[in-house]
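Given next are the chains, with one letter for each unit.
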Amino acid sequence: TKKEETKTEEKKETTTTTSSADTKRKELVAFAKKYLGYKYVRGGSKPSTGFDCSGFTKYVYGKFGYTLARTSSAQAKNGTAVKKSNLKVGDLLIFTGHVGIYIGNNKFIHASNPQDGVKITSLSDSYYVKNYKGARRIIK
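Bear in mind the structure is a predicted one, so any value in this text is a computation, not a measurement.

(A) Region of the structure containing the pairing of strand β4 (residues 92–95). Here β4 shows two buried faces, one formed by L92 and I94 and the other by L93 and F95. As defined by bridge partners, β4 adjoins strand β5 (residues 98–104) across four bridges and the pair is classed as antiparallel. Looking at the pairing, F95 lines up with H98 of β5. Pairing geometry for β4 and strand β8 (residues 132–137), over four bridges, is antiparallel. Bridging from a neighbouring strand, F95 pairs with Y132 of β8.

Right, here's the structure in full:
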């Protein structure tokens with residue numbers, strides 16, 4: 001019947017949207033990982049000069065057509081809030097004075113500090129457990 005066809009079409013659309021968002025999330029994380037080891041520079045926002053935490057997230061999301069605010073505190077207002085138990089790859093993680101990108105398996109990528117630069121850290125790391133403020137979904 002016509003009604004059943006419409007329902008099937010609606011289902012297909014939803015699935016496509018979801019998988020396309022999931023694909024975009026995975027691509028964003030793969031892109032972010034290309035910068036592992038790049039240097040940390042306060043105020044840095046591009047590969048040639050280095051990154052600070054919010055410069056890194058702004059740069060990575062920007063390459064996928066998303067505009068984030070420049071500072072970690074302002075990025076905490078971008079996107080929509082997500083519970084820690086509901087994190088998806090590509091979600092923005094907000095910490096006290098810091099921001100990173102969730103990459104799955106309880107880990108995130110971020111421009112850490114001048115000693116480490118861009119690196120992957122566990123969300124179970126005691127510093128980040130204490131300073132975790134929330135997460136924001138940018139890719140819907």
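(B) Here's a closer look at the sheet that holds β5. On the basis of which strands lie adjacent, the open sheet formed by six strands has the order β3-β8-β4-β5-β6-β7 and antiparallel pairing. Either end of the sheet is taken by a strand with one partner, and the two such strands are β3 (80–82) and β7 (118–122). Neighbour-to-neighbour, the strand axes of the sheet open up by a mean angle of 40°, direction not taken into account.

(C) Looking closely at the side chain of H98. Along the chain, H98 falls in strand β5. Taking relative accessible area as the criterion, H98 reaches 8% and is therefore assigned buried. Engagement of the side chain of H98 in a polar contact is seen with the side chain of H110, the distance being 2.8 Å. Other than its neighbours up to four places away in sequence, H98 contacts C53, S72, L93, H110, A111, S112 and Y128.

(D) Region of interest: helix α2 (residues 53–62). Of all the 10 residues making up α2, eight are buried; the element is thus mostly covered by neighbouring parts of the structure. Of all the positions in α2, only C53, S54, G55, F56, T57, Y59, V60 and Y61 are classed as buried.

About the criteria used
Residues numbered from 1 in each chain as written. Predicted model: local features only at pLDDT ≥ 70, side-chain atom pairs only at ≥ 80, totals over all residues. Heavy atoms only, no water. Buried < 20%, exposed > 50% of the residue type's maximum accessible area, 1.4 Å probe, protein only. Helix = DSSP H or I, 4+ residues; strand = E, 2+ residues; numbered from the N terminus. Pairing = 2+ DSSP bridges. Axes fitted to C-alpha atoms, helices over the stretch in contact; angles between N-to-C directions. Polar contact = N/O pair within 3.5 Å; in protein donor to acceptor, adjacent residues only side chain to side chain. Contact = heavy atoms within 4.5 Å.

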